[in-house]
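# Analysis of the macromolecular model
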Amino acid sequence: MVRRNDERRAALVDAAIEVLAAEGARGLTFRAVDGEAAVPAGTASNYFANRDDLLTQAGARVYERLQPDEATIARQQASTRDREGYAALMRELVGRISAFRTGYLALLELRLEATRRPALRAVLTERVRADMDANVAYHEASGLPGDATAVRLLYLALNWLIVEQLTLPEVFTEAERDALVVAAVDRIVTP
């Protein structure tokens, strides 16, 4: 029987994210999650039907934690609707994602694991498509310059910049990262 204490479940999923980032998908065991969450042995197995369930919920939780808060959304909506405002939005996005290092690294591990687990691949594909559709819809409603293709190209370019920052942080300084974000917006987004 799977338990329903939502706070405990969230703590266990957050612990799974930390384990994924530190140990990779092969290190993600119920025992490792219990240890990371500092709960009695066997607790995680009471909350998740199996390891695939835990992997899937960890992926969903990363996306949940990456969502901007209300103040960030309000600030973004109040910004200018030109390429300069767009670049500021993208710099904030890259900074926010980079600040959740373990979450993004966990997502990378989940993506690699999805190449071997069709059910996880289906869940991640659905989530990434929904996220992309939401980004395009937000962009179209916002009045920012550019089109859906620009949104997709920025997504692809900035994702790799984030990977670079999190895995090899000495390749680009923070100032270089910000300049690259601005350059990407300038070159990809047409008025």
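Predicted model, so just to flag it, every value in this text is computed and none were measured.

## Structural notes on the side chain of Glu164
- Structurally, Glu164 can be placed in helix H9 (residues 148-167).
- This buried residue, Glu164, is left without a salt bridge; Arg101 holds the nearest opposite charge, at 12 Å.
- Excluding anything up to four places from it in sequence, Glu164 contacts Pro169, Val171 and Phe172.

## Comments concerning the pattern of salt bridges
- Summed over the entire model, instances satisfying the criterion amount to eleven salt bridges.
- Close ionic contact of Asp14 with Arg65 constitutes a salt bridge, the shortest N to O distance being 3.2 Å. Here the residue Asp14 occupies a position in helix H1 (residues 6-23), and Arg65 occupies one in helix H4 (residues 51-66), the gap between them amounting to 51 residues.
- Judged by its relative accessible area of 36%, Arg65 falls in the partly exposed class.
- Between Arg116 and Glu113 there is a salt bridge, with the nearest N and O atoms lying 3.1 Å from each other.
- What you see here is one network of salt bridges that share partners, running through Arg51, Asp52, Glu113, Arg116 and Arg117.

## Here we look at helix H7 (residues 101-114)
- Spanning 14 residues, H7 covers 20 Å between terminal C-alpha atoms, matching the ideal 20 Å at 1.5 Å per step.
- Regarding H7, the residues found buried are Gly103, Tyr104, Leu105, Ala106, Leu107, Leu110, Glu113 and Ala114.
- Close packing links the buried residues of H7 with H1, H4, helix H6 (83-99), helix H8 (118-142) and H9.

## Details of the packing of H6 against helix H10 (residues 174-188)
- It is at 9 Å that the axes of H6 and H10 come closest, and there the two elements cross at 135 degrees. Between H6 and H10, the interaxial angle falls into the category oblique. Two packed elements cross with a definite hand, and for H6 against H10 that hand is right-handed. Along the contact surface, H6 presents Arg83, Tyr86, Ala87, Met90, Arg91, Val94, Gly95 and Ser98, while H10 presents Arg177, Asp178, Val181, Val182, Val185 and Asp186.
- Taken together, the residues that form the contact of H6 with H10 break down as seven nonpolar, two polar and five charged.

## Re the packing of H1 against H7
- Between H1 and H7, the least distance of the axes is 8 Å, while the angle of their chain directions is 70 degrees. Viewed along their axes, H1 and H7 adopt a mutual orientation that is roughly perpendicular. The residues of H7 that touch H1, namely those facing Ile17, Glu18, Leu20 and Ala21, are Thr102, Gly103, Leu105, Ala106, Glu109 and Leu110.
- Residues of the contact of H1 with H7, tallied by class, amount to six nonpolar, two polar and two charged.

## Digging into the packing of aromatic side chains
- Taken as a whole and judged by the stated rule, the model has zero aromatic pairs.
- Here the guanidinium or amino end of Arg9 rests over the ring plane of Phe48, the centre of that ring lying 5.1 Å away.

## Observations concerning the environment of Ala88
- Considering the arrangement of structural elements, one finds Ala88 in helix H6.
- Considering only alpha carbons, one finds Ala88 and Arg101, 13 residues apart in sequence, at a separation of 21 Å.

## So, the confidence of the model for the protein chain
- Chain-level statistics for the protein chain give a pLDDT mean of 93 and a share of 98% at 70 or above.
- No element of the protein chain has a lower mean pLDDT than helix H5 (residues 70-78), which averages 87, and none a higher one than helix H2 (residues 30-37), which averages 98.

## Observations concerning unusual backbone geometry
- The phi torsion at Ala38 lies on the positive side, around 55 degrees, for a residue other than glycine.
- On the basis of relative accessible area, Ala38 is assigned to the exposed category, the value being 70%.

Conventions we followed
- Residues numbered from 1 in each chain as written.
- Predicted model: local features only at pLDDT ≥ 70, side-chain atom pairs only at ≥ 80, totals over all residues.
- Heavy atoms only, no water.
- Helix = DSSP H or I, 4+ residues; strand = E, 2+ residues; numbered from the N terminus.
- Buried < 20%, exposed > 50% of the residue type's maximum accessible area, 1.4 Å probe, protein only.
- Lys, Arg positive; Asp, Glu negative; His and termini not counted.
- Salt bridge = Lys/Arg side-chain N within 4 Å of Asp/Glu carboxyl O.
- Contact = heavy atoms within 4.5 Å.
- Expected span 1.5 Å × (residues − 1).
- Axes fitted to C-alpha atoms, helices over the stretch in contact; angles between N-to-C directions.
- Parallel < 35°, antiparallel > 145°, perpendicular 65-115°, else oblique.
- Left-handed = near helix turned anticlockwise from the far one by under 90°.
- Nonpolar A, V, L, I, M, F, W, Y, C, P; charged D, E, K, R; others polar.
- Phe/Tyr/Trp six-rings, centres within 6.5 Å; stacked < 30°, edge-to-face > 60°.
- Lys NZ or Arg CZ within 6 Å of the ring centre and 35° of its normal.
- pLDDT = per-residue confidence, 0-100.

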